[in-house]
Amino acid sequence: MPSSHVMNTYARLPVAFTHGQGTCLFDEAGKRYLDALAGIAVSTLGHNHPRLVEAISRQAGRVLHTSNLYRIPLQEELAARLANLSGMDEVFFCNSGLEANEAAIKLARFYGHKKKGVELPSIIVMEQAFHGRSLATLSATANRKAQAGFEPLVPGFVRVPYGDMDAVRQIASRSRDVVAVMLEVLQGEGGVNVVSDEYLRALRALCDEQGWLLMVDEVQCGTGRTGKWFGWKHADVRPDVMTLAKGLASGVPIGACLTSGRAAGLFQPGNHGCTFGGNPLACAAALATLDVIAEEGLMDNATRVGEAIRAGFRKALEGVAGVVDIRGRGLMIGIELDRPCGELVTRALDAGLLINVTSDNVVRLLPALIFSDSDAKTLVEGLAPLIREFLS
Ligand SMILES: *Cc1c(COP(=O)(O)O)cnc(C)c1O
């Protein structure tokens with residue numbers, strides 16, 4: 001029975017899962033589904049990974065939560081691990097993507113006031129961007145529908161087309177208030193949109209020239225999903241600020257805002273905080289997730305299986321009218337159609353496949369990094385005919 005007491009913030013599908021195993025979920029009737037969404041890029045290790053279950057259980061038996069009023073050795077260990085993987089300096093821990101981005105936005109303003117003497121600092125953000133649903137992150141987000149009814153939005157954002165370097169240069173030449181550029185290196189909610197490595201390198205160079213912070217939102221594409229630890233590693237441009245969340249602890253809520261170089265060392269006690277942020281349970285789960293990604297070669301798996309999925313769909317949908325593009329990197333995959341295709345989600349559900357549609361007309365696939373070649377085959381063979389049928 002759907003509960004009328006749960007606030008109506010999601011148009012939920014009429015299915016509930018009782019348990020999962022690897023890349024599969026099972027519903028109350030015992031029906032099995034191949035999970036090509038992983039809770040929107042969250043369940044990095046799939047469901048019930050023994051190493052994750054073990055790490056969480058062990059930590060639960062010791063202590064779940066203490067407080068950031070005390071030292072938390074697991075948090076220190078996770079911060080050191082993330083610093084090591086990214087080459088960045090410091091980490092602020094929180095519980096979600098929007099909180100990580102909120103920290104980044106506050107940090108950029110703080111940087112503007114303290115280091116650049118700017119009175120009304122502003123941040124360049126992108127068309128189709130998604131950064132979260134708090135007031136500041138909603139204002140940074142490009143989706144007008146999500147913003148409607150919540151005005152006044154937070155000021156201090158300037159929007160440019162994604163991937164358009166000239167638009168950013170124009171702002172650089174006329175505005176003295178800009179202090180940062182914030183973007184997803186591979187957009188998720190906005191339709192799985194990819195920008196070139198050259199664009200990211202040009203942005204990095206302009207940020208250095210202008211003394212702006214380059215802030216990358218890796219909430220969806222980070223933690224190994226694109227085949228490297230972080231999406232920006234493909235272009236080899238280290239950001240000044242990076243945010244992580246979704247897949248970082250494979251299902252236990254966590255967020256992180258990392259800083260380096262001129263963005264490091266800004267926040268002091270009293271400037272920012274988070275009660276649950278980086279508690280022992282979340283940090284144990286994140287450390288186990290990072291261990292398994294590294295030890296089981298899951299980034300190479302993401303590269304190989306992601307390419308196999310894209311190649312499989314390109315072949316299966318070759319010449320099909322209405323398929324606009326098949327794109328992505330690693331296990332972040334978009335199939336753009338020429339029309340709204342939300343109903344494909346229920347058709348796939350009936351066929352035992354969990355998928356998502358974003359931006360109205362882009363089928364989005366974000367499977368666990370343990371997705372196998374045979375899972376890829378099952379997915380392509382199950383979904384391609386549904387897309388053909390839908391378009392015919
Ligand atoms: C999901 C997402 C967010 C928001 O994360 P929440 O944990 O839902 O607050 C922010 N940025 C990107 C790129 C995302 O995909």
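Predicted model only: the values in this text are computed from it and were never measured. (Residues numbered from 1 in each chain as written. Predicted model: local features only at pLDDT ≥ 70, side-chain atom pairs only at ≥ 80, totals over all residues. Heavy atoms only, no water.)

A.B. asks: Looking at this model, I keep getting lost on the overall build of the chain. Mind explaining?
C.D. replies: Check the secondary structure of the chain and you find twelve helices and 17 strands. In terms of overall size, the chain behaves like a compact globule, its C-alpha atoms giving a radius of gyration of 21 Å where 392 residues would be expected to give roughly 21 Å. Within the span of the chain, comprising 392 residues, buried residues form 55% of the whole. Put simply, of all contacts in the chain between residues at least 6 apart along the chain, 72% involve residues at least 24 apart. Just so you have it, the chain exposes about 17,400 Å², and 52% of that area is on carbon and sulfur atoms. In the chain, which carries 39 positive and 42 negative side-chain charges, the distance between the mean positions of the two groups comes to 2 Å. (Helix = DSSP H or I, 4+ residues; strand = E, 2+ residues; numbered from the N terminus. Rg over C-alpha atoms; globule rule 2.2 N^0.38 Å. Buried < 20%, exposed > 50% of the residue type's maximum accessible area, 1.4 Å probe, protein only. Contact = heavy atoms within 4.5 Å. Areas by Shrake-Rupley, 256 points an atom, 1.4 Å probe, with all protein chains shown as cover. Lys, Arg positive; Asp, Glu negative; His and termini not counted. Charge placed at Lys NZ, Arg CZ, Asp CG, Glu CD.)

A.B. asks: What is the right way to look at the site of the ligand in this model?
C.D. replies: Near the ligand, the surroundings consist of S96, G97, L98, N101, F130, H131, G132, E184, D217, V219, Q220 and K246. At a separation of 2.6 Å, an oxygen atom of the ligand approaches a polar side-chain atom of K246. The fraction of the free accessible surface of the ligand (390 Å²) that becomes covered by protein chains is 82%. Among the elements that line the shell around the ligand, the one with the most residues is helix 4 (residues 97-115), at three residues. (Near = heavy atom within 4 Å. Polar contact = N/O pair within 3.5 Å; in protein donor to acceptor, adjacent residues only side chain to side chain.)

A.B. asks: I keep staring at unusual backbone geometry and nothing clicks. Help me out?
C.D. replies: Trans is the common state for peptide bonds, and a negative phi is the common state for residues other than glycine. Each neighbour pair has its own omega, and for E151 with P152 the value is 0 degrees, a cis peptide bond. One non-glycine residue, S250, lies in the positive phi region at around 55 degrees. Its location among the elements puts S250 in the loop between strand 11 (241-244) and strand 12 (255-259). Using a relative accessible area of 7% as the deciding quantity, one classes S250 as buried. For S359, which is not glycine, the phi dihedral falls at a positive 55 degrees. With respect to the helices, strands and loops of the structure, S359 is situated in the loop between strand 16 (356-358) and strand 17 (362-365).

A.B. asks: So what exactly am I meant to see when it comes to the packing of helix 7 (residues 165-174) against helix 8 (residues 197-210) here?
C.D. replies: At their nearest, the axes of helix 7 and helix 8 sit 11 Å apart, and the two run at 10 degrees to each other. What the angle tells us is that helix 7 and helix 8 run roughly parallel. Within the contact between the two elements, helix 7 uses M165, V168, R169 and A172 and helix 8 uses Y199, A202, L203, L206 and Q210. (Axes fitted to C-alpha atoms, helices over the stretch in contact; angles between N-to-C directions. Parallel < 35°, antiparallel > 145°, perpendicular 65-115°, else oblique.)

A.B. asks: For this particular structure, what's the right way to read the pattern of salt bridges?
C.D. replies: If charged atoms from side chains of opposite charge come close, those side chains can pair. For the structure on display, the rule yields 20 salt bridges. Notably, a salt bridge pairs R71 with E76, separated by 2.9 Å at the nearest N-O pair. Accessibility expressed as a relative area gives 64% for R71, which makes it exposed. On the basis of relative accessibility, which here comes to 38%, the residue E76 falls in the partly exposed class. The closest approach of N and O atoms between E381 and K377, which form a salt bridge, is 3.5 Å. Taken together, the residues span about one helical turn, with E381 and K377 both in helix 12 (residues 373-391) at a distance of four residues. Considered together, E381 and K377 belong to a single accessibility category, that of exposed residues. (Salt bridge = Lys/Arg side-chain N within 4 Å of Asp/Glu carboxyl O.)

A.B. asks: Explain the packing of helix 3 (residues 73-86) against helix 9 (residues 280-295) to me, please; I cannot follow it from the model alone.
C.D. replies: Each pair of packed helices can be summarised by the angle the axes make with each other and by the distance between the axes. Between helix 3 and helix 9, whose axes approach to 9 Å, the crossing angle comes to 35 degrees. The crossing of helix 3 and helix 9 is left-handed. The residues of helix 9 that touch helix 3, namely those facing L74, Q75, E77, L78, R81, L82 and L85, are P280, C283, A284, A286, L287, L290 and D291. Grouping the amino acids of the contact of helix 3 with helix 9 by side-chain chemistry returns ten nonpolar, one polar and three charged. (Left-handed = near helix turned anticlockwise from the far one by under 90°. Nonpolar A, V, L, I, M, F, W, Y, C, P; charged D, E, K, R; others polar.)

A.B. asks: Can you help me understand the sheet that holds strand 2 (residues 24-27) in this one?
C.D. replies: Strand-to-strand pairing in sheets goes through backbone hydrogen bonds, with the strands running parallel or antiparallel. Taking strand neighbours across the sheet as the criterion, the four strands line up as 1-2-3-15 in an open arrangement whose pairing is mixed. Strands at the two margins of the open sheet, each flanked by one partner only, are strand 1 (17-21) and strand 15 (353-354). Pairing analysis gives two bridges linking strand 3 (residues 32-35) to strand 15, with the strands arranged parallel. Among the inter-strand pairings, L34 is bridged to a residue of strand 15, identified as L353. (Pairing = 2+ DSSP bridges.)

A.B. asks: Looking at this structure, I do not really get the pairing of strand 3. What am I missing?
C.D. replies: Side chains on a regular strand alternate between the two faces of the sheet. Looking at chain direction, strand 2 and strand 3 are connected through three bridges and run antiparallel. Across the sheet, residue F26 finds its bridge partner in strand 3, namely R32. Linking strand 2 to strand 3, which pair antiparallel, is a turn of four residues; within it G30 sits at a positive phi near 85 degrees.

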